[in-house]
Each structure stands twice: as structure tokens, then as C-alpha cells.
Amino acid sequence: MKLKAGCYVPFAERLREEYKINGDQMTANIGTDKIESLMQHFIAVHDEPLFFILELPTQAENEQEIRPGVVEKLHVDVYYLDGCSQAAALTLLKQTGPLLIKDGLSTFGFGGLESGDEILFSKYNIVTIFGQNLQSYAEFFAAHQIRENPNLLTAWDLFDPQHPGVSKSVTIEGKDIYSIPEQLKDRGLYLAQRREEN
């Protein structure tokens, strides 16, 4: 499985491209070489107004220090771009995907404003799908040669104090993930909330 350039996972050879269903969500390990086609597929099967979601770690200057140089809790800035057509969503993916797919700190994805379905790609190559009818996604994953495994092992299961994971920002052509909100501001991207990091 091809890992994000911005992530290091110990014992990564144990990870497989698989998914599991857990309540109202699906979790999957997906290699970076499949993410663009997976997102394109999700957009194609949702013939409805879509939204783009982008989650970035809050920059240090915007974190509240409890004393000089010390931050008690880290936060995430959550951005949305609402009312995208399928064509607009595909254009967004083409423009931002090369950076976001490789970056180790960001989470991004798309959702349907009518169905409520969402797909997110986050740290350590984890894809999460939220939806009302998750069984319908079995064929979706099968189309990308990704099988179900109720005992899915993710990167988070491999970390321990002696073997931590590492995630970092990636720069492409002089731009990092923090350039995206400015790049998309005129198209309607807005900061929806700042919340504590999970």
C-alpha cells in the first residue's frame, strides 16, 4: 500500500487495502495511488449538490497559549465549500488533490448535501465514509479491488510509545496546505469552525 509522503507508519508492511463497517461509518486503508479515482467514483455516484470539506491543523499563531510557548489543547480548522456541481467537485479534486493526497496533516473529502453521505481522506491513509446505506458501498470498494475485513488493522493499531507514527506537512511547487484556503476563498471556501483535535 502506497503511504502518504507526509506520513511514517512503523510496521507499515502489515497494512492492507481493506475496509470494515462500524455502525454508521466505514473505515478503510487506501493507498495514495487509488485516492483520486476513489474520490472521482464517489462524486460520480452522487448526482446531487456536493460540498468540499478541508480540515487543517490550526496554525500556531492562532492557538491560545496557557503560558508562553505552551498550548494545552491543539485545534483543527474546518473549511467548507458548499453547493458544488459534480464538475466543480472534480475540478477541485484535480486542483487540490496532488497536494492533499500526499500531505500528512490534512483531512479532505466530499459530501452530498441531500444524501448526507461523506468521504474523507485523513492521516495515515485512512478513508472514512459516513452514510445511511453503507451496504451499498460494498460494490463501490469492490470496484477498486478493496475487500471487507471486520478485523481491519489501521496505522493507529501499530503505534506505541516506542514506535510512534509521524505526520508532517508537504510542500509542492512552493505551496503547502495552508495556501489552499486563500486559493479557494474567492470560490466560496469558508472557515466553518475551529474545534479541538481528536
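Notes on the structure follow. Given the structure is predicted, the values throughout are model-derived calculations rather than measurements.

Observations concerning the overall build of the protein chain
Move 1: Each helix and strand in the protein chain was counted, giving four helices and 13 strands.
Move 2: On C-alpha atoms alone, the protein chain measures out to a radius of gyration of 17 Å, which is about the 16 Å that the 2.2 N^0.38 rule sets for 198 residues.
Move 3: Dimensions along the principal axes, computed over C-alpha positions, put the protein chain at roughly 50 × 45 × 35 Å.
Move 4: Taken over 198 residues, the protein chain has a buried fraction of 45%.
Move 5: Of the contacts made within the protein chain by residues no fewer than 6 positions apart, 75% connect residues no fewer than 24 positions apart.
Move 6: Within the structure as shown, the protein chain displays about 10,400 Å² of accessible surface, and the carbon and sulfur contribution to it stands at 47%.
Move 7: Where the 18 positive side-chain charges of the protein chain centre and where its 29 negative ones centre are 6 Å apart.

Some points on unusual backbone geometry
Move 1: Positive phi, normally seen in glycine, also occurs at Phe11, with a value near 60°.
Move 2: Locating Phe11 in the fold gives a position in the loop between strand S1 (7-8) and strand S2 (18-22).
Move 3: Despite not being glycine, Glu173 shows a phi value in the positive range, around 50°.
Move 4: Since its relative accessible area comes to 79%, Glu173 is described here as exposed.

Some thoughts on the pattern of salt bridges
Move 1: Applying the stated rule across the entire model yields six salt bridges.
Move 2: The salt bridge partner of Glu197 is Lys123, with a shortest N-O separation of 3.8 Å. Of the two residues, Glu197 is situated in the segment after strand S13 (190-196) and Lys123 in the loop between strand S9 (118-122) and strand S10 (126-130); the sequence distance between them amounts to 74 residues.
Move 3: Among the residues examined, Glu197 registers a relative accessible area of 32% and is labelled partly exposed.
Move 4: Among the ionic pairs, Lys185 bridges to Glu182, the shortest N-O distance being 3.4 Å.
Move 5: Here Glu182 falls in the exposed class, since its relative accessible area comes to 53%.

Some details on the side chain of Ser122
Move 1: Within the element layout of this structure, Ser122 appears in strand S9.
Move 2: Note on Ser122: relative accessible area 19%, which makes it buried.
Move 3: Sequence-distant contacts of Ser122, that is, excluding residues within four places in its chain, are made with Lys4, Ser106 and Thr107.

Considerations on the packing of aromatic side chains
Move 1: Under the definition given, this model contains eleven aromatic pairs.
Move 2: Centre to centre, the rings of Phe42 and Tyr137 are 6.5 Å apart; their planes meet at 10°, and the pair counts as stacked. Taken together, the residues Phe42 in helix H1 (residues 32-44) and Tyr137 in helix H3 (residues 137-142) connect sequence positions 95 residues apart. Across the pair, Tyr137 and Phe42 agree in class, each one buried.
Move 3: Geometrically, the ring pair formed by Tyr124 and Phe159 is edge-to-face, given 4.9 Å between the ring centres and 70° between the ring planes. Of the two residues, Tyr124 is situated in the loop between S9 and S10 and Phe159 in the loop between strand S11 (147-148) and strand S12 (166-167); the sequence distance between them amounts to 35 residues. Side by side, Tyr124 and Phe159 carry an identical accessibility label, which is buried.
Move 4: In this structure an aromatic cluster arises from ring pairing among Tyr19, Phe42, Tyr137, Phe140 and Phe141.

Conventions and cut-offs
- Residues numbered from 1 in each chain as written.
- Predicted model: local features only at pLDDT ≥ 70, side-chain atom pairs only at ≥ 80, totals over all residues.
- Heavy atoms only, no water.
- Helix = DSSP H or I, 4+ residues; strand = E, 2+ residues; numbered from the N terminus.
- Rg over C-alpha atoms; globule rule 2.2 N^0.38 Å.
- Buried < 20%, exposed > 50% of the residue type's maximum accessible area, 1.4 Å probe, protein only.
- Contact = heavy atoms within 4.5 Å.
- Areas by Shrake-Rupley, 256 points an atom, 1.4 Å probe, with all protein chains shown as cover.
- Lys, Arg positive; Asp, Glu negative; His and termini not counted.
- Charge placed at Lys NZ, Arg CZ, Asp CG, Glu CD.
- Salt bridge = Lys/Arg side-chain N within 4 Å of Asp/Glu carboxyl O.
- Phe/Tyr/Trp six-rings, centres within 6.5 Å; stacked < 30°, edge-to-face > 60°.

Note that all results are geometric; they support no functional claim without further evidence.
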